[in-house]
Amino acid sequence: MDLGVRWKLHGDGRTPAPGAVVRPDERLSWPRTAGLGAQHVVAMFGASFVAPVLMGLDPNLAIMMSGVATVVFLLATRGSVPSYLGCSLSFVGVAAVIRAQGGSSATVTGAVFVVGGALFLVGLAVRRFGARIIHATMPPIVTGAVVMLIGFNLAPVTASTYWPQDQWTALLVMLVTGLAVVCLRGFWSRIAIFLGLVFGYGISWVFDLVFGKIHSVDASGKLTDHWRLDLSGVGQADWIGLPTLHAPSFEWSAILVALPVVIALVAENAGHVKAVGEMTGDPLDDKLGTAIAADGVGSMLSTAVGGPPNTTYSENIGVMAATRVYSTAAYWAAAGFALLFGVCPKFGAVVAAIPGGVLGGITVILYGMIGLLGAQIWINAGVDLRNPLNLVPAAAGIIIGVGNVSLKFSDTFSLSGIALGTVVVITGYHALRAFAPAHLKTQAPLLDEGTSSYDDAKS
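Residues numbered from 1 in each chain as written. Predicted model: local features only at pLDDT ≥ 70, side-chain atom pairs only at ≥ 80, totals over all residues. Heavy atoms only, no water.

Naming follows an unreviewed UniProt entry, where the protein chain appears as Nitrate reductase of Streptomyces variegatus. Per UniProt, the protein chain has the following entry under Subcellular location (unreviewed entry): "Membrane". Database annotation for the protein chain, UniProt heading Sequence similarities (unreviewed entry): "Belongs to the nucleobase:cation symporter-2 (NCS2) (TC 2.A.40) family." (UniProt positions renumbered as here; feature names shortened; annotations may be inferred.)

This part is about the overall build of the protein chain. Helix and strand counts for the protein chain come out as 22 helices and eight strands. Taking all 459 residues of the protein chain together, 53% fall into the buried category. For the protein chain, the share of sequence-separated contacts (at least 6 apart) that also reach a separation of at least 24 residues comes to 79%. (Helix = DSSP H or I, 4+ residues; strand = E, 2+ residues; numbered from the N terminus. Buried < 20%, exposed > 50% of the residue type's maximum accessible area, 1.4 Å probe, protein only. Contact = heavy atoms within 4.5 Å.)

As a further point, take the environment of A431. Along the chain, the position of A431 falls in helix α21 (residues 417-435). Residue classification places A431 among the partly exposed positions, given a relative accessible area of 38%. Note: C-alpha distance between A431 and L389 (42 residues apart in sequence) is 9.8 Å.

Now for the nonpolar core. Residues M55, F91, V92, L288, Y367 and W378 are the most contacted members of the largest nonpolar core, which totals 96 residues. When residues of this core are assigned to their parent elements, the largest contribution, 10 residues, is made by helix α14 (residues 261-280). In this structure, this core is formed jointly by two domains, domain 1 (25-383) and domain 2 (384-440), each of which donates at least three residues. Listed in part, the five residues of the second largest apolar core include L28, L36, V325 and A330. (Core = buried A, V, L, I, M, F, W, Y, C linked by side-chain atoms within 4.5 Å. Domains from an automatic or database assignment.)

Here we come to the packing of helix α11 (residues 192-211) against helix α19 (residues 356-381). For the pair α11 and α19, interaxial distance at closest approach is 9 Å and the crossing angle is 155°. Relative to α19, the element α11 lies roughly antiparallel. As for the relative orientation of α11 and α19, their crossing is right-handed in sense. In this structure, α11 uses I193, G196, L197, G200, Y201 and S204 to contact α19, whose residues at the interface are V358, I362 and L366. Partitioned by chemical class, the residues of the contact of α11 with α19 number six nonpolar, three polar and no charged. (Axes fitted to C-alpha atoms, helices over the stretch in contact; angles between N-to-C directions. Parallel < 35°, antiparallel > 145°, perpendicular 65-115°, else oblique. Left-handed = near helix turned anticlockwise from the far one by under 90°. Nonpolar A, V, L, I, M, F, W, Y, C, P; charged D, E, K, R; others polar.)

A turn of α-helix holds 3.6 residues, and therefore any two residues three or four places apart point the same way. Those residues of helix α4 (residues 92-100) that sit buried are V92, G93, V94, A95, V97 and I98. Among the residues trailing α4, G102 stands out with phi positive, at a value near 95°.

For the rest of this paragraph, the subject is the pattern of salt bridges. Within this structure, the stated rule accounts for four salt bridges. A salt bridge links R228 to D166, with the shortest nitrogen-to-oxygen separation between them at 3.2 Å. You can see R228 sitting in the loop between β5 (223-226) and α12 (232-236) and its partner D166 sitting in the loop between α8 (155-162) and α9 (167-183), a full 62 residues away along the chain. Both residues of the pair, R228 and D166, count as buried. (Salt bridge = Lys/Arg side-chain N within 4 Å of Asp/Glu carboxyl O.)

Side chains of W205, V206, L209, V210 and F211 sit close together on the surface and give an oily, nonpolar patch of about 560 Å² of accessible area. Structurally, F211 can be placed in helix α11. Here F211 falls in the exposed class, since its relative accessible area comes to 58%. (Patch = residues over 30% accessible without salt bridge, like charges linked within 9 Å, V, L, I, M, F, W, Y side chains within 5 Å. Areas by Shrake-Rupley, 256 points an atom, 1.4 Å probe, with all protein chains shown as cover.)

Attention now goes to α19. The end-to-end C-alpha distance of α19, which contains 26 residues, comes to 37 Å, matching closely the 38 Å that a straight helix rising 1.5 Å per residue would cover. Immediately downstream of α19, the backbone of G382 shows phi near 70°, a positive value. (Expected span 1.5 Å × (residues − 1).)

When the pLDDT values of the protein chain are averaged, the result is 82; 90% of them are 70 or greater. When the criterion is pLDDT under 50, residues 445-459 qualifies, and its contacts beyond four places in sequence or with other chains add up to 32 contacts. (pLDDT = per-residue confidence, 0-100.)

Attention now moves to the packing of aromatic side chains. One pass over the structure, following the stated rule, counts three aromatic pairs. Between W7 and W30, the ring centres sit 5.9 Å apart and the planes meet at 85°, which makes this aromatic pair edge-to-face. Taken together, the residues W7 in the segment before β1 (8-9) and W30 in helix α1 (residues 30-43) connect sequence positions 23 residues apart. Residue classification places W7 among the buried positions, given a relative accessible area of 18%. On the basis of an interplanar angle of 70° and a centroid distance of 5.8 Å, the ring pair of F113 and F250 is categorised as edge-to-face. Here F250 lies in the loop between α12 and α13 (252-258) and F113 lies in helix α5 (residues 105-129), a separation of 137 residues in the sequence. (Phe/Tyr/Trp six-rings, centres within 6.5 Å; stacked < 30°, edge-to-face > 60°.)

What follows is about unusual backbone geometry. Despite not being glycine, R78 has its phi angle at roughly 55°, a positive value. You can see R78 is positioned in the loop between α3 (59-76) and β3 (85-87).

Further remarks concern the packing of α8 against α19. Where α8 contacts α19, the two axes come as close as 9 Å, and the packing angle between them is 165°. Here α8 is positioned roughly antiparallel relative to α19, judged by the angle of their axes. The chirality of how α8 crosses α19 is left-handed. Between α8 and α19, the contacting residues are V157, T158 and Y162 on the first element and G356, G357, L359, G360, T363, V364 and Y367 on the second. Its residues placed into classes, the contact of α8 with α19 shows five nonpolar, five polar and no charged.

Take L179: it is sitting in helix α9. Through-space distance from the C-alpha of L179 to that of S189 is 9.3 Å; in sequence the pair is 10 residues apart.

In structure tokens:
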């Protein structure tokens, strides 16, 4: 059985020829491949380490399980889809909601485990019936609206939790991160979040030296005098050790909050597979179902031991585009580095020490970008918001999701925020479509002409 773990040496193994690319089944020399693997880990460092911290989960376990999930993905796709799996930011909002309802880390990982299982089933369905089932149930207006309300639902987290801890550091970090995203080029722009974190660490340390302790709310929400940057945990942490594991706990209220993220993950995977296929020149539409299912399995494995969910990471597409190296060998190297970082508690302590003000500046941009990805889905698909069939369900669902509107069914069961907003968008769109006149029903598919060969092959 071909598992995609054999690679031909590309050229002299040093650098691709002008205009040439290193294909997924090729590699450069092993030292260069290892270097590219390390570069991929750095590219996803900012968001993929911020996400578990924001979710209240162990960053050491997060990086370790991202390596495991990447290995599972590469084996499942037989090395044909070069990808690294990191912690998805789409889950940060649902984690915040679950914790606000009194849920623990076990409750969060239990809910996300179910999402991983649902994603796995969606992947199997796409393998069996083709991408048309995505077109039918989740057209662009629905997918874009759900992604948007997931992102913008996070705004109160930044405003009430992180920003107040150190508003001036947050403002500076926001400005520096924004400048890095806009002004830097190539690989450096792809690690803008990481650069913002480094700057935030540095400026927090300087402010502590110059101004002393800050009088503000701390991470627990108490108004106290405290250091902006507290590295006491780093000195106490061991250099080598396994991260803390815990089993998931399943509660219906938390599961219902988390399930809408499936829609965002399907859209992320579809875009990722399509983008990689266009860059490598190999149609990968027939791998879409496998990629979605593999993401689901990776998330289930991670959350089963207390880690965060994992999904394909867009930052790594940028690295591939900049280097023109699409070798899956580099991703095996990246997975190896991730596993090494995962058994270094001192590294995890450095991540866990990120000052609240730094997270405030980062999340202002990060959460906004998540929300605006929904608008990008609408733009790419040419969604017409002048059409009331598109406008009404999206408008209602987004306001419900962002405003955290609640619908109470009984003393023990209610829907609110992300969950209720998603239900309104999906059911509202399809219900209105059933009664709408024919001229309002013209709608572009979620996945454009790039999926035609996949559907034909499965028909």
